[in-house]
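Per-entry structural report
Given next are the chains, with one letter for each unit.
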Amino acid sequence: MSGGYDVDLFVDGPDYELLCTICRCVLRCPVRVACNHVFCKTCILQWLRRQETCPCCRKPINPSCMFVMYKLSKSISRLRIKCINEGCLATFPLSDEFLHSSSCPFQRVLCPHQGCGSLVLRSALEVHSQHCQHWSQICPMGCGTQLTQATQPQHNCYRQLRQQVEAQRQSHRAIAGALSRKMRRMQTAMTHVRRQVALICESLEATGEGQEGEEGEVEGDVYEGFEEETTGESSTSSSSSSS
Ligand SMILES: [Zn+2]
Ligand SMILES: [Zn+2]
Ligand SMILES: [Zn+2]
Ligand SMILES: [Zn+2]
Ligand SMILES: [Zn+2]
C-alpha cells in the first residue's frame, strides 16, 4: 500500500520528517492526529479501519479530531521531482507533475484513432498517426468527407476546388468573350442603323424641301394649266389635288 509519493521520485532525498511512517513515502495530503504524529490522509484512514490507535505511539486516536496540514502540504508540493517516463530528464516541482506529464514527449499515450489501441510515445504519435491503419478524419478542407488511410491519398479538396474554380473561370471568360463579341456586333449594327437613319432623314429632308418648293411652283402651274386646259373636267381634278 502506497498512499504517499515514492521517495525515488524526488531529485534530493526528502527529509525524514516528511515521510509517512505507514507507507514510508513522502506525505501526500498530510494530516495530524491528537498525539501530533503526521500521516498521509489515506494511510491513516485505512489504518483506523483496523485499530483506533496511533501507529507510532499507540495512543488512542479520535477519527473526528484530525487536522489537514496545508502549509506542510504546500512545502512538499514545491519539492523537485524527476519525470517517471523512461528517457525523460526533466525535473520540476511536484505541483507541476500533471502539467509535465500532459506534455512530456516521453509519455506513452493512447493512439486517438478508434479501434487502434496502441500506446505510443507522445513524440512519435504524429508519425504513428500517419501510418496508423485506423487513421480516419473528417476532411480538413470542410467538404465533410470521412477520410481513411485508403481514401485520403486520392482525396484532394484543394486540387478539386482549384479545378472547379479554373473551369468556372474559363466558362466565365467564354461568356464574357461571347458577350463582348455580341456587343461589338450590336455596336456595328447600331452605327450602321444610325447611318441609315441619317441617310433616310437626309433624303427625306431633301425630298421634303424639294417637294414643298416644286409643289408650290408645280401646283400653280398645273392648277393654272388644268384650269386653262380642261374647264369641263376641272371638278374631278381639283377635288383630287386639294384632298
Ligand atoms: Zn502514507
Ligand atoms: Zn502518535
Ligand atoms: Zn517527462
Ligand atoms: Zn494508431
Ligand atoms: Zn475534402
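Residues numbered from 1 in each chain as written. Chains lettered and ligands numbered in written order. Predicted model: local features only at pLDDT ≥ 70, side-chain atom pairs only at ≥ 80, totals over all residues. Heavy atoms only, no water.

This part is about the UniProt feature "domain: RING-type" (unreviewed entry) in the chain. This chain's UniProt record puts "domain: RING-type" (unreviewed entry) on residues 20-58. With 26% helix and 15% strand, the stretch residues 20-58 has end C-alpha atoms that lie 16 Å from each other. (UniProt positions renumbered as here; feature names shortened; annotations may be inferred. Helix = DSSP H or I, 4+ residues; strand = E, 2+ residues; numbered from the N terminus.)

Geometrically, a metal with four donors at the corners of a regular tetrahedron has ideal angles of 109.5 degrees, and one with six donors at the corners of a regular octahedron has ideal angles of 90 or 180 degrees. Ligation of the zinc ion (ligand 2) by protein atoms is provided by Cys-35 (SG), His-37 (ND1), Cys-54 (SG) and Cys-57 (SG), these donors lying 2.0 to 2.3 Å from the ion. In this structure, the zinc ion (ligand 2) is coordinated by four donor atoms arranged in tetrahedral fashion, with angles at the metal of 106 to 116 degrees. Counting along the primary sequence, the residues that act as donors to the zinc ion (ligand 2) give the motif C-x1-H-x16-C-x2-C. You can call His-37 partly exposed: its relative accessible area is 28%. (Donors = N, O, S within 2.8 Å, 3.2 Å for Na, K, Ca; no water. Tetrahedral: all angles 85-135°; square planar, octahedral: opposite > 155°, others 65-115°. Buried < 20%, exposed > 50% of the residue type's maximum accessible area, 1.4 Å probe, protein only.)

For the coordinates displayed, the defined rule picks out one salt bridge. In this structure, the salt-bridge partner of Arg-169 is Glu-166, at a minimum N-O distance of 3.5 Å. Residue Arg-169 and its partner Glu-166 are both found in helix α5 (residues 157-229); the two are separated by three residues, about one turn of the helix. A relative accessible area of 43% means that Arg-169 is categorised as partly exposed. (Salt bridge = Lys/Arg side-chain N within 4 Å of Asp/Glu carboxyl O.)

Another aspect to go through is the sheet that holds strand β2 (residues 38-40). The three strands lie next to each other as β2-β1-β3, forming an open sheet whose pairing is antiparallel. One side of each edge strand has no neighbouring strand; the edge strands of this open sheet are β2 and β3 (67-68). Here three bridges tie strand β1 (residues 30-32) to β2, and the two strands are oriented antiparallel to one another. If you follow Arg-32 over to β2, its bridge partner there is Val-38. (Pairing = 2+ DSSP bridges.)

This next bit is on the environment of Ile-76. Of note, Ile-76 is situated in helix α2 (residues 70-77). Along the sequence, Ile-76 and Val-26 sit 50 residues apart, while their C-alpha atoms lie 8.1 Å from each other.

Let us look at the packing of aromatic side chains. Applying the stated criterion to the full structure yields one aromatic pair. Over the aromatic face of Tyr-5 sits the side chain of Arg-28, whose NZ or CZ is 4.1 Å from the ring centroid. (Phe/Tyr/Trp six-rings, centres within 6.5 Å; stacked < 30°, edge-to-face > 60°. Lys NZ or Arg CZ within 6 Å of the ring centre and 35° of its normal.)

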